[in-house]
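# Examination of the molecular architecture
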Amino acid sequence: MADKREITVTINGQAQTAEVETRTNLADFLRHELELTGTHVGCEHGVCGACTVLVDGAAVRSCLMLAVQADGHEVTSVEGLAAADGTLHPVQEAFWKNHGLQCGFCTPGMVISVAAFLKDNPNPTEADVRSAISGNICRCTGYQGIVAAALEAAETMRQEG
Amino acid sequence: MKPGPFTYHDPTSVDDAVALLAGHEDVKLLAGGQSLMPMLNMRFVVPDHVIDLNGVADMSGIADTGDALAIGAMTRQCDLASSEIVAARAPILREALSFVGHFQTRNRGTIGGSLCHLDPAAEQPTVAAAYDAELTIVGPEGTREVAFAEWPLAYMMANLAPDELLTQIRFPYWQEAHGAAFVEFARRHGDFAIIGVAALLAVEDGKITRASVAVGGADVQPLRLADVETMLVGAAPGDAVFAEAGAMARKIDAMSDAYVTTQYRQRLAGVLVERALAQAASRATGGE
Ligand code: FES
Ligand code: FES
């Protein structure tokens, strides 16, 4: 018999209660139960970074966490980055301007990772940025546009304070 | 690529966790999940029960006990890397952690999880070996202490019975003036090392008075180079003696796999031992 639990998770600012099978990972919970398909699933074993979300503000791989472990916690997925009126987060804006994405598969994980990284490191060097995104694999861009976007977003965020 | 069905348990105390372990067969303990979750997703392991330690009180924290750095097994790698106590008392641990996965995995991964998983090339076990770390294990019979030298039993198998739990790791301080360094080589940043080396050197009056050298990634468990350590003690630190240490390290027992040959690992061990010692010696005498 399936082992199930009722969990309440605050997702992008909204409390959501649902019954989940305990073996369901957080990525699948977001995508299948809540239909928040912005979070992508690439490898399901912690290598590609496409599934990165924020849990209580810290970037983590949602394929390596059980949904039941998020019970009582706050999760931010890529859908929660932009403002309510649709204004893009500075990181999203910079990705758009700098051709930081092509197919977009890695983008949710990249954007979330860069946003989390810049919060703690407002003034990174290019090398810092490359090391910060080393856990996110992109098959398209060659990373140049992503690095440029991260550096530009850092500057915007510094100016905005 | 989804875990098989299991029953999930989330104890809130060490006692409850031990009682759950005693009461169930075919259990996996879930710490940070950065190794176990991939194995569950890929169904390399299909346990009947998963006991999640993330809600257990008193299993995480970093304390300076005066003669050792005491770390709760569930302490996350990100918290170790940003700890001032670690930076002040065992900076080599922080240096090693910068090579462990990526910041997103360090936000979940725990030191205890890594020591129990015991990947041969993992950084934290290599540092634990160099430091002669002491481990506290709790089981149905009570508590026992294990020296790190007695911890790895075989390939990825720790000295931990199915009904036991690692609760704390202690890094005994070196009282002597010393320097330490962790260096590694991996194909990509964040990968497991092909070879990682942890070295500690105490230097007094221009002579090495105590040395510890541990190599990870070469064999199925981190290796202490006792012959190198013996050779170093009494010698004056310098290029010649470190080159000799490197030459000895090249004779290390090393595995071979589809990607990396024994010879390559041995050569890398030699180079990295030499570098780690030079850096440790420089730090021992106030340099970088
Ligand atoms: S899907 Fe989670 S890291 Fe690849
Ligand atoms: S944009 Fe296609 S994988 Fe990165």
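What comes next is a walk through the structure. It should be emphasised that the depicted structure is a prediction, and the values quoted were computed from it without experimental measurement.

This next bit is on unusual backbone geometry. Here the phi dihedral of A:Tyr143 falls at roughly 70°; this positive angle occurs in a residue that is not glycine. Along the chain, the position of A:Tyr143 falls in the loop between α4 (126-132) and α5 (144-160). Residue classification places A:Tyr143 among the partly exposed positions, given a relative accessible area of 24%. The backbone of B:Asp132 shows a phi angle near 50°, a positive value even though the residue is not glycine. On the secondary structure map, B:Asp132 appears in the loop between α8 (123-131) and β6 (134-139).

Let's shift gears to the pairing of strand β13 (residues 207-216) of chain B. Residues and elements named next belong to chain B. Counting buried positions over the ten residues of β13 gives seven, a clear majority of the element. Sheet topology places strand β12 (residues 195-204) next to β13; nine bridges connect them, and they run antiparallel. Residue pairing for β13: Ala198 is matched across the bridge by Ala214. As consecutive antiparallel partners, β12 and β13 are separated by two residues, and within that stretch Asp205 has a phi angle of approximately 50°, a positive value. By the bridge criterion, two bridges tie β13 to strand β14 (residues 223-224) in an arrangement that is antiparallel. Across the sheet, Ala214 pairs through a bridge with Arg224, a residue of β14. Linking two consecutive strands that pair antiparallel, namely β13 and β14, is a turn of six residues; a positive phi of about 95° is found at Gly217 within it.

Each partner contributes residues to the interface: chain A has 28 residues there, and chain B has 28 residues. Both faces combined, the contact of chain A with chain B buries some 2300 Å², and carbon together with sulfur accounts for 54% of it. Contact with chain B buries surface across chain A, with A:Arg23, A:Glu44 and A:Leu64 losing the most and accounting together for 27% of the total. Applying the counting criterion to the chain A and chain B interface returns 14 residue pairs in polar contact (both at pLDDT 80 or more). Only β4 (58-61), α3 (107-120) and α4 of chain A provide two or more residues apiece to the side of chain A that touches chain B. At four residues, the largest contribution of residues to the side of chain A that touches chain B is made by β4(A). Split by residue class, the side of chain A that touches chain B holds twelve nonpolar, ten polar and six charged.

Here we come to the packing of aromatic side chains. To describe a pair of aromatic rings, one takes the distance between the centres and the angle between the planes. All chains considered together, the criterion is met by three aromatic pairs over all chains. Each ring, one from A:Phe117 and one from B:Phe103, has its centre 6.5 Å from the other, and the planes form 50°; the classification is tilted. Of this pair, A:Phe117 sits in helix α3 while B:Phe103 sits in helix α6 (residues 103-106), on two different chains. On the numbers, 5.8 Å between centres and 45° between planes, the contact of B:Phe99 with B:Phe182 is tilted. Of the two residues, B:Phe99 is situated in the loop between α5 (91-97) and α6 and B:Phe182 in strand β11 (residues 178-185); the sequence distance between them amounts to 83 residues. Relative accessible area serves as the criterion here: at 21%, B:Phe99 is assigned to the partly exposed category. B:Phe182 sits in the buried class, given a relative accessible area of 2%. Sitting above the plane of the B:Tyr173 ring, B:Arg89 keeps its charged end 3.7 Å from the centroid. The ring of B:Trp174 carries the charged tip of B:Arg210 above its face, separated from the ring centre by 3.8 Å.

Rules of the game
- Residues numbered from 1 in each chain as written.
- Chains lettered and ligands numbered in written order.
- Predicted model: local features only at pLDDT ≥ 70, side-chain atom pairs only at ≥ 80, totals over all residues.
- Heavy atoms only, no water.
- Helix = DSSP H or I, 4+ residues; strand = E, 2+ residues; numbered from the N terminus.
- Buried < 20%, exposed > 50% of the residue type's maximum accessible area, 1.4 Å probe, protein only.
- Pairing = 2+ DSSP bridges.
- Contact = heavy atoms within 4.5 Å.
- Buried area = accessible area lost by both parts, 1.4 Å probe.
- Polar contact = N/O pair within 3.5 Å; in protein donor to acceptor, adjacent residues only side chain to side chain.
- Nonpolar A, V, L, I, M, F, W, Y, C, P; charged D, E, K, R; others polar.
- Phe/Tyr/Trp six-rings, centres within 6.5 Å; stacked < 30°, edge-to-face > 60°.
- Lys NZ or Arg CZ within 6 Å of the ring centre and 35° of its normal.

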